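So the chains spell out like this:
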Amino acid sequence: MAAQSLLHDKPFAMEPKVLEIEQKDIIWENLDIRSWNRSIRFVISMILTLVLFVSWMSLTMAATSMSNLEKVIIFFGGNPNSISQTAYGVINGMVPPTITALLMMLLPILLRQLLFIEGQMLESEVEMSLLNRYYVFLVINVFIGSMISNGVLDFLRKSGSLSMWNKVMTSTIPSAYIYFSTYILLQGWLGSSKEILQGTTFFLRYLRFWWSGGTPRAKREARELEQFEW
């Protein structure tokens, strides 16, 4: 009973009923979804999540491959000496983690919409499912994908066998430390300061006050603080 109760208005039928919930946590438009409909929505949501996973994997690998700009230029037949050392430093150090951070900022918005479409009944369930999927994206796309992308160009350029792949990865994985160090610094400094300042939310809060209408309830709701998105 502390977890859930299986109740239904029809005999010999069961339906999960969530107990001890807060009114603001309920997603009211998802309460009337049938169980079979929710199962179909879950399958569709997982398929779309897999499509997002493949798309983000290719985008993050393309971004992280720029952390070794010299190998990219050589792979496409260019001259690495044609770019100055300053440009090398900026592109290798700042561009890949910035693109990855922007992609990872956009990802929770899309995943949260998929979870709403999936038919989740509670906001807290949406957030917990989002945390699990986002963690998988971070580990595979950012961590593993960046290490693989550093060795793919060398492997394709040399057209080696599996033994060559092992040698390439052994030599290129340690070179990913530049990307990881800049990405962690960017997330640590910029991410925490962004969450503390809440500049966009602070600005939109006063805009909503003027757009909300003239009733006291509308103005009070427009001035309510935003909920923290974990």
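Rules of the game
Residues numbered from 1 in each chain as written. Predicted model: local features only at pLDDT ≥ 70, side-chain atom pairs only at ≥ 80, totals over all residues. Heavy atoms only, no water. Core = buried A, V, L, I, M, F, W, Y, C linked by side-chain atoms within 4.5 Å. Buried < 20%, exposed > 50% of the residue type's maximum accessible area, 1.4 Å probe, protein only. Helix = DSSP H or I, 4+ residues; strand = E, 2+ residues; numbered from the N terminus. Contact = heavy atoms within 4.5 Å. Salt bridge = Lys/Arg side-chain N within 4 Å of Asp/Glu carboxyl O. Expected span 1.5 Å × (residues − 1). Patch = residues over 30% accessible without salt bridge, like charges linked within 9 Å, V, L, I, M, F, W, Y side chains within 5 Å. Areas by Shrake-Rupley, 256 points an atom, 1.4 Å probe, with all protein chains shown as cover. Phe/Tyr/Trp six-rings, centres within 6.5 Å; stacked < 30°, edge-to-face > 60°. Axes fitted to C-alpha atoms, helices over the stretch in contact; angles between N-to-C directions. Parallel < 35°, antiparallel > 145°, perpendicular 65-115°, else oblique. Nonpolar A, V, L, I, M, F, W, Y, C, P; charged D, E, K, R; others polar.

> Just checking my understanding: could you explain the nonpolar core for this structure?
The nonpolar side chains of a soluble globular protein tend to be buried, and buried together. Judged by nonpolar contacts, the single largest core of 19 residues is most densely connected at Leu 52, Trp 56, Met 104, Leu 107, Leu 111, Phe 137 and Tyr 183. At the level of elements, helix 1 (35-64), helix 4 (95-118), helix 5 (123-158) and helix 7 (177-197) are the ones that each hand at least two residues to this core. Looking at this core, the element that brings in the most residues is helix 4, giving 7 residues. Those residues within four positions of Leu 107 in sequence are excluded, and the remaining contacts are Trp 56, Tyr 134 and Phe 137.

> Would you explain the pattern of salt bridges in this entry?
One side chain can pair with another of opposite charge once the charged atoms of both are near each other. In this structure the tally under the stated criterion is 2 salt bridges. We note a salt bridge from Glu 127 to Arg 112, for which the minimum N-O separation is 3.1 Å. With Glu 127 in helix 5 and Arg 112 in helix 4, the pair connects residues that are 15 residues apart, well separated along the chain. There is no split in this pair, since Glu 127 and Arg 112 are both buried. Across the pair Arg 133 and Glu 118 runs a salt bridge whose closest N-O atoms are separated by 2.9 Å. Taken together, the positions of Arg 133 in helix 5 and Glu 118 in helix 4 put the pair 15 residues apart, joining distant regions of the chain.

> Which parts of the structure should I look at to understand the side chain of Ser 45?
If you trace the backbone, Ser 45 turns up in helix 1. Once residues lying within four places of it in the same chain are set aside, the contact partners of Ser 45 are Leu 114, Glu 118 and Arg 133.

> What is the right way to look at the side chain of Thr 49 in this model?
Mapped onto the elements, Thr 49 comes out in helix 1. With residues up to four places along the chain from it excluded, the contact list for Thr 49 reads Leu 111, Leu 114, Arg 133 and Phe 137.

> Please clarify how helix 4 should be interpreted in this entry.
In an α-helix there are 3.6 residues to a turn, and that puts residues three or four apart on one side. For helix 4, which comprises 24 residues, the first-to-last C-alpha distance of 35 Å matches the rise-based estimate of 34 Å (1.5 Å per residue) to within 8%. Gly 119 lies just past helix 4 and shows a positive phi near 105°.

> So what exactly am I meant to see when it comes to a nonpolar patch on the surface here?
Nonpolar side chains collect at one region of the surface, where Phe 42, Val 43, Met 46, Ile 47 and Val 51 lie side by side and expose about 440 Å² of accessible area between them. With respect to the helices, strands and loops of the structure, Phe 42 is situated in helix 1. Its relative accessible area of 40% is what places Phe 42 among the partly exposed residues.

> Please explain the packing of aromatic side chains as it appears in this structure.
Aromatic ring pairs are reported here in terms of the distance separating the ring centres and the angle at which the planes meet. Using the criterion set out here, one finds 1 aromatic pair in the structure. Both rings, one in Phe 53 and one in Phe 137, keep their centres 5.4 Å apart while their planes meet at 75°; by these two values the pair is edge-to-face. A residue pair is termed long-range when its members are at least 10 positions apart, and Phe 53 in helix 1 and Phe 137 in helix 5 qualify at 84 residues.

> Whenever I open this one, the packing of helix 1 against helix 4 confuses me. Can you help?
When two helices pack together, their arrangement is given by the angle between the helix axes and the distance between those axes. The N-to-C vectors of helix 1 and helix 4 enclose an angle of 175°; their axes lie 10 Å apart at closest approach. With respect to their mutual orientation, helix 1 and helix 4 come out roughly antiparallel. Here Arg 38, Arg 41, Phe 42, Ser 45, Leu 48, Thr 49, Leu 52, Trp 56, Leu 59, Thr 60, Ala 63 and Thr 64 of helix 1 come into contact with helix 4, specifically with Pro 96, Ile 99, Thr 100, Leu 103, Met 104, Leu 106, Leu 107, Leu 110, Leu 111, Leu 114, Ile 117 and Glu 118. Residue composition of the contact of helix 1 with helix 4, grouped by class: 16 nonpolar, 5 polar and 3 charged.

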